[in-house]
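# Notes for the structure review
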Amino acid sequence: MSEQCERVLVTGGCGFVGSHLCEQLLDAGSAVVVLDNFATSTPDNVARLLDRPGFDLIQHDVTEPLPTVGYFDIVFHLASAASPPDYLRLPIETLRAGSLGTANALDLAERNRARFVLASTSEVYGDPAVHPQTENYWGHVNPVGPRSVYDEAKRYAEALTMAFRRERGVNTGIARIFNTYGPYMRADDGRMVPTFIAQALSDAPFTIAGTGEQTRSLCYVEDTVRGLLALASTDIPGPVNIGNPHEVSVRRLAEEIQWVTGSRSTVKYVDSAIDDPKRRCPDISLARRELGWWPLVSRAEGLRRTIDWFASRAAMPAEESLR
């Protein structure tokens, strides 16, 4: 991050990735303003930041006109439901965050002549027919399936971001984030890592969709945030894949979590979700070449840190675990 970056806006900054991004920005000496409506997040995620100088939290829905909150050097747009249970529960809200929310954030960046960074997703590739996925692959997405509310919201957000760059000269960058995990995920958010950890810690059966042979590429949140900051410090438009190029099957991941936790969990196979991708793995050649970025935290280390965090939360009294 450039030393000239003094003030940063983060939409969705109380979410899992957003809270880590805010922490690293503060550590780098930036002032940070967060806009979040808490639809899928909680202010508890940034409780550790509330007393830090330069941090300001505003409850606001980014699909509504943005409040007057001063000048910014960088705008990070992360506001969106991100897990399947959340965006399936909030389909219209998810589409509005990707459309109206992105437009509002881009307008603000344009007024401030700020660098704009869109947190897009590997879901724009859908169930890919190309492997690994490179940024010039256009994807294989069902535009009317249940998952389309998230996939198409992000695809539209990318198109709008590029339109602002071409038509209005806004300094934009697009990061396509692959599966990210780490502390401050919700145990009930429906994504694979927190679900398996919560099941392992309670010795409940691992619920594995389909055969469990489908693959994902897991990137520890610390590495994902480094990638976002690296993109923000350049003028590169992207899209740029931010993810870990090491694949793991869903079943293998459950086994690794079971080994680390010493869980007695068995396996319960359930039906696959509609349009669930069979393989997911980024080609990060562009990020390596243009950003000097690649993931540093191994899966073994990242899982250990994440499991330790979940275990510590489970051991807290209820009133403390909510803080």
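Check the entry above for the structure.
Please read all numbers here as calculations on a predicted model, not as lab measurements.

The rules we used
Starting from 1, residues in each chain are numbered consecutively following that chain's sequence as written. Totals for whole chains, interfaces and linings use all residues, but because this is a predicted model, local features are given only for residues with pLDDT of at least 70 and pairs of side-chain atoms are given and counted only at 80 or more. The basis for every side-chain value is the complete set of non-hydrogen atoms in the structure, without hydrogens or water. Two rings belonging to Phe, Tyr or Trp (six-membered ring only in the last case) form a pair when the distance between their centres is within 6.5 Å. Interplanar angles under 30 degrees mark stacking, angles over 60 mark edge-to-face geometry, and anything in between is tilted. Secondary structure is summarised from DSSP: a helix means a run of H or I of at least four residues, a strand means a run of E of at least two, and numbering begins at the N terminus for each. Note on classification: 1.4 Å probe, protein chains only; a residue is buried when its accessible area is under 20% of the maximum for its type, exposed when over 50%, partly exposed between these limits. The charged-residue count follows a simple rule in which Lys and Arg add positive charge and Asp and Glu add negative charge, with His and chain termini not counted at all. Whenever Lys or Arg places a side-chain nitrogen within 4 Å of a carboxyl oxygen from Asp or Glu, that contact is recorded as a salt bridge. Polar contact is defined as a pair of N or O atoms within 3.5 Å, subject to the rule that within protein one atom must be able to donate a hydrogen and the other to accept it, and that residues adjacent in sequence are counted only when both atoms are side-chain atoms. Here the axes come from fitting lines to C-alpha atoms, over the contacting stretch only for helices, and the angles between their N-to-C directions go from 0 to 180 degrees. Handedness of a crossing is defined here by the sense of rotation of the near helix relative to the far one, left-handed for an anticlockwise turn of less than a right angle and right-handed for a clockwise turn. What makes two residues a contact is simply this: any of their non-hydrogen atoms within 4.5 Å. Ten residues, namely Ala, Val, Leu, Ile, Met, Phe, Trp, Tyr, Cys and Pro, are considered nonpolar, four, namely Asp, Glu, Lys and Arg, are considered charged, and the remaining ones, Gly among them, are considered polar. By definition here, a helix of n residues has an expected span of 1.5 Å times n minus one. Strands are labelled as partners when DSSP assigns at least two bridges between them.

### Some words on the packing of aromatic side chains
- With the rule as written, the count across this model stands at 7 aromatic pairs.
- With a centroid separation of 4.8 Å and an interplanar angle of 5 degrees, the aromatic rings of Y87 and Y150 are classed as stacked. Here Y87, found in helix α2 (residues 84–89), pairs with Y150, found in helix α4 (residues 148–168); they are 63 residues apart in sequence, far enough to count as distant.
- What makes Y150 buried here is its relative accessible area of 7%.
- On the basis of an interplanar angle of 70 degrees and a centroid distance of 5.6 Å, the ring pair of Y181 and Y220 is categorised as edge-to-face. Note that Y181 is positioned in strand β7 (residues 180–181) and Y220 in strand β10 (residues 219–220), a separation of 39 residues in sequence. Each member of the pair Y181 and Y220 is classed as buried.

### So, the side chain of R115
- Relative to the helices and strands, R115 is located in strand β5 (residues 115–121).
- Buried within the structure, R115 lacks any salt-bridge partner; its nearest side chain of opposite charge belongs to D235, at an N-O separation of 5.0 Å.
- There is a polar contact of 2.8 Å between the side chain of R115 and the side chain of N171.

### Notes on the packing of helix α1 (residues 16–27) against helix α6 (residues 221–232)
- Contact pair α1 / α6: the axes reach a minimum separation of 9 Å and the direction vectors enclose 65 degrees. Like other packed secondary-structure pairs, α1 and α6 cross with a definite hand, here right-handed. For the pair α1 and α6, contact is made by F16, V17, H20, L21, Q24 and L25 and by V221, E222, V225, R226, L228 and L229, respectively.
- Residues of the contact of α1 with α6, tallied by class, amount to 8 nonpolar, 2 polar and 2 charged.

### A closer look at α6
- In this model, α6 (12 residues) spans 16 Å end to end at C-alpha, consistent with the 16 Å of a helix rising 1.5 Å per residue.
- The element α6 is largely enclosed, with a buried count of 10 among its 12 residues.
- By the burial criterion, the buried members of α6 are V221, D223, T224, V225, G227, L228, L229, A230, L231 and A232.

### Quick look at the pattern of salt bridges
- Following the criterion strictly, the structure yields 25 salt bridges and no others.
- The residue R264 makes a salt bridge to D203 at a minimum N-O spacing of 3.1 Å. In this pair, R264 is assigned in the loop between α7 (250–261) and β13 (267–270) and D203 in the loop between α5 (192–201) and β8 (206–209), connecting sequence segments 61 residues apart.
- With relative accessibility at 32%, the residue D203 sits in the partly exposed group.
- Salt-bridge contacts for R251 lead to E213; the nearest nitrogen and oxygen are separated by 2.2 Å.

### Notes on the sheet that holds strand β2 (residues 31–36)
- Strand order in the open sheet formed by 7 strands is β3-β2-β1-β4-β5-β6-β11, with parallel pairing between adjacent strands. Looking along the sheet, the strands with just one partner apiece sit at the ends: β3 (55–59) and β11 (240–242). The sheet shows a mean angle of 20 degrees between the axes of neighbouring strands, taken without regard to direction.
- Summarising the sheet, strand β6 (residues 172–177) and β11 pair through 3 bridges and their orientation is parallel. Of the residues in β11, the one forming a bridge with R176 is N241.
- Across the sheet, α6 touches β4 (74–77), β5, β6 and β11, and the angle it forms with β6 is around 160 degrees.

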